[in-house]
Amino acid sequence: MADRPDAPGPLDGVALLDHHCHGVVTTDLDLPEFESLLTEAPGPGGPDRFDSALGLAVRRWCAPVLGLEPHPSPEEYLRRRADLGWAESTRRLLRAGGARTWLVDTGYTAHNLTSPDELAVLADGRAYPVTRLEAVAENVGSAARDSGAAAGNTGSAAGWTDSVEQAVRAEVAAGAVGLKTVVAYRCGLAVPAEPPSAATVTHAAGRWLGGGGGRIADPVLCAWLVHLGVRLSAELGLPLQVHTGFGDPDVRLHLANPALLSDLLARTRHTGAVFMLLHCWPYQRDAGYLAHVFGHVRVDVGLAVPYVGIRARAVLAELLELAPFRSVCFSSDGYGLPELHFLGARLWRRALAGLVADWIADDVLTTPDADRLVRRLAAGNAAAVYPGVGDGPG
Ligand SMILES: [Zn+2]
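Residues numbered from 1 in each chain as written. Predicted model: local features only at pLDDT ≥ 70, side-chain atom pairs only at ≥ 80, totals over all residues. Heavy atoms only, no water.

(A) Seen up close, the coordination of the zinc ion. Ligation of the zinc ion by protein atoms is provided by His20 (NE2), His22 (NE2) and Asp333 (OD), these donors lying 2.0 to 2.1 Å from the ion. Coordination of the zinc ion draws on donor residues from a single chain, spaced H-x1-H-x310-D in sequence. Like His20, the residue His22 is buried in the burial classification. (Donors = N, O, S within 2.8 Å, 3.2 Å for Na, K, Ca; no water. Buried < 20%, exposed > 50% of the residue type's maximum accessible area, 1.4 Å probe, protein only.)

(B) Just the sheet that holds strand S6 (residues 275–279), in detail. Pairing within the open sheet is parallel, and its seven strands lie in the order S1-S2-S3-S4-S5-S6-S7. A single partner strand is all that each edge strand has here, and the edge strands are strand S1 (16–21) and strand S7 (297–299). Here the average twist between neighbouring strands, direction ignored, is 25°. The pairing of strand S4 (residues 178–181) with strand S5 (residues 240–244) spans three bridges and is classified as parallel. Bridge assignment links Lys180 to a residue of S5, and that residue is Gln241. Here helix H6 (residues 133–146) sits on the sheet and contacts strand S3 (126–132), S4 and S5; the angle it forms with S3, its principal contact strand, is near 60°. (Pairing = 2+ DSSP bridges. Helix = DSSP H or I, 4+ residues; strand = E, 2+ residues; numbered from the N terminus. Axes fitted to C-alpha atoms, helices over the stretch in contact; angles between N-to-C directions. Contact = heavy atoms within 4.5 Å.)

(C) Molecular detail of the nonpolar core. The biggest cluster of nonpolar side chains holds 118 residues, and the ones touching the most others in it are Trp160, Phe275 and Leu277. With 11 residues, helix H15 (residues 338–361) is the largest single contributor of residues to this core. Two domains each donate at least three residues to this core, and these are domain 1 (28–84) and domain 2 (98–383). Filtering out sequence-adjacent residues up to four positions away, Trp160 remains in contact with Ala137, Val140, Gly141, Ala205, Trp208, Leu209, Ile216, Leu221 and Trp224. Of all hydrophobic cores here, the second largest spans 13 residues; its members include Leu17, Val130, Val177 and Val389. (Core = buried A, V, L, I, M, F, W, Y, C linked by side-chain atoms within 4.5 Å. Domains from an automatic or database assignment.)

(D) Structural view of the environment of Leu78. Looking at the secondary structure, you find Leu78 in helix H3 (residues 74–84). The exposure class of Leu78 is buried, given its relative accessible area of 8%. In sequence terms Leu78 and Leu31 are 47 residues apart; their C-alpha atoms lie 6.3 Å from each other.

(E) A look at the pairing of S6. Burial within S6 is extensive, with five of its five residues counted as buried. Pairing analysis gives five bridges linking S5 to S6, with the strands arranged parallel. Opposite Leu240, over in S6, you have Phe275 as the bridge partner. Crossover S5 to S6 through helix H11 (residues 262–268) is right-handed. In this structure, S6 lies alongside S7, joined through three bridges in parallel fashion. Bridge pairing in S7 places Leu277 opposite Val299. Following the chain from S6 across helix H12 (residues 284–293) to the adjacent parallel S7, one finds a crossover that is right-handed. (Right-handed = clockwise from strand over helix to strand, strands pointing away.)

(F) Fine view of the packing of aromatic side chains. Following the criterion strictly, the structure yields nine aromatic pairs and no others. Centre to centre, the rings of Tyr108 and Tyr335 are 5.3 Å apart; their planes meet at 45°, and the pair counts as tilted. Of this pair, Tyr108 sits in the loop between strand S2 (99–105) and helix H5 (116–123) while Tyr335 sits in the loop between helix H14 (312–322) and H15, and the two are 227 residues apart along the sequence. For Tyr335, a relative accessible area of 13% corresponds to the buried category. Considering the side-chain rings of Phe246 and Trp281, the 5.5 Å spacing of their centres and the 70° angle between planes classify their relative orientation as edge-to-face. Of this pair, Phe246 sits in the loop between S5 and H11 while Trp281 is found in the loop between S6 and H12, placing the two residues 35 residues apart along the sequence. Under the relative-accessibility criterion, Phe246 is labelled buried at 13%. You can call Trp281 partly exposed: its relative accessible area is 31%. One Lys or Arg, Arg60, reaches over the ring of Trp61 and ends 4.0 Å from the middle of that ring. (Phe/Tyr/Trp six-rings, centres within 6.5 Å; stacked < 30°, edge-to-face > 60°. Lys NZ or Arg CZ within 6 Å of the ring centre and 35° of its normal.)

(G) The environment of Val65, seen in detail. Inspection of the secondary structure puts Val65 in helix H2 (residues 53–65). As a C-alpha pair, Val65 and Phe342 span 277 residues in sequence and 9.6 Å in three-dimensional space. Not counting chain neighbours up to four residues away, the residues in contact with Val65 comprise Arg92, Leu93, Ala96 and Phe342.

(H) Local environment of the domain arrangement of the protein. The assigned domain composition of the protein is domain 1 (28–84) and domain 2 (98–383). Taking only C-alpha atoms, the centre of domain 1 and the centre of domain 2 are 27 Å apart. Every contact between the two is made by 16 residues of domain 1 and, on the other side, 20 residues of domain 2. A combined buried area of about 1,500 Å² lies between domain 1 and domain 2, and 73% of that area is made up of carbon and sulfur atoms. Interface area lost by domain 1 to domain 2 is led by Leu37, Glu40 and Trp61, which between them contribute 49%. Two residues, Glu339 and Arg81, come together in a salt bridge whose shortest N-O distance is 2.7 Å. Across the domain 1-domain 2 interface, the total number found is four residue pairs in polar contact (both at pLDDT 80 or more). Counting residues per element, the side of domain 1 that touches domain 2 draws most heavily on H2, which supplies seven residues. (Buried area = accessible area lost by both parts, 1.4 Å probe. Salt bridge = Lys/Arg side-chain N within 4 Å of Asp/Glu carboxyl O. Polar contact = N/O pair within 3.5 Å; in protein donor to acceptor, adjacent residues only side chain to side chain.)

Written out as structure tokens, the structure reads:
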């Protein structure tokens with residue numbers, strides 16, 4: 001059952017397009033630092049962080065990539081990682097996952113991370129930035145505050161919305177291939193189907209700027225940003241990535257169910273906008289349904305795959321119950337540790353290979369059908385909606 005470390009992995013000939021990930025930490029990590037990135041829980045690491053499906057997966061699948069036998073102790077793994085150094089470990093892990101192209105969300109920088117260009121060099125592939133709307137909006141607010149031009153002034157608040165839109169357009173003009181919203185973390189996903197009025201937005205922006213700016217959690221500003229993303233997605237031909245499902249404890253899980261987007265999805269179905277529902281766990285069935293009924297919805301189970309480890313196949317199978325096959329994309333959502341990029345790819349390949357092998361054995365589909373299917377899920381579906389990133393549908 002278990003693949004040997006040096007044996008060819010499932011779908012090894014199929015290149016992946018990792019359509020949502022982040023950079024990796026550019027320093028060597030001790031065990032507590034490594035463990036703190038091996039969880040969505042806050043605070044320092046602890047000895048129990050390896051004692052999980054994800055920890056088992058690191059020991060089983062990452063260890064051979066670094067030249068160890070499978071299943072070393074956490075201490076042995078970190079010793080080997082330190083001997084190789086963060087850069088060589090990263091090179092090996094990114095290249096071993098089989099992704100050739102990475103779309104990198106540059107808007108979350110709690111650690112010192114590689115830029116997309118640095119990631120591309122380490123991975124020997126291509127990387128493109130994805131613009132996080134909330135980060136752009138907050139940076140524009142900070143700049144206004146620092147210049148002393150905005151505080152408590154609704155005229156400047158009106159200017160803020162224009163400046164945010166210009167800043168997002170500038171990032172796209174500079175090469176961003178997608179937009180991203182983390183509204184799930186701020187207000188939840190029950191975003192009103194209609195955009196807020198200009199007067200309401202100006203009032204809310206004035207209040208926010210007058211309070212010193214910072215993290216945007218005002219429901220009116222959150223809704224305005226999402227609708228800006230929808231509008232630009234349609235106009236510029238870029239998908240709007242939406243965080244859904246689990247994440248760090250800033251998220252209120254019940255408010256991150258993608259089904260809460262139903263009204264917005266219904267209203268925008270014919271606008272040309274494309275929604276990429278990221279992660280989705282534990283709502284992968286809800287997300288699959290949304291992709292089933294709304295043609296402008298794409299879905300993935302990135303982030304979930306490395307975290308659920310041995311259950312990745314079950315999670316992917318649930319997504320594929322209703323999701324049209326053209327809507328399912330691959331992402332790792334690797335952040336900080338290249339182990340997460342690698343495991344996102346390795347375990348997703350293994351899960352999909354297992355499912356497809358079962359279907360072939362059951363005469364559900366032919367081998368050529370299966371070959372086409374895995375290439376579309378691995379890269380072709382994403383390449384069809386992000387501008388200029390792929391080698392064409394697989
Ligand atoms: Zn992410």
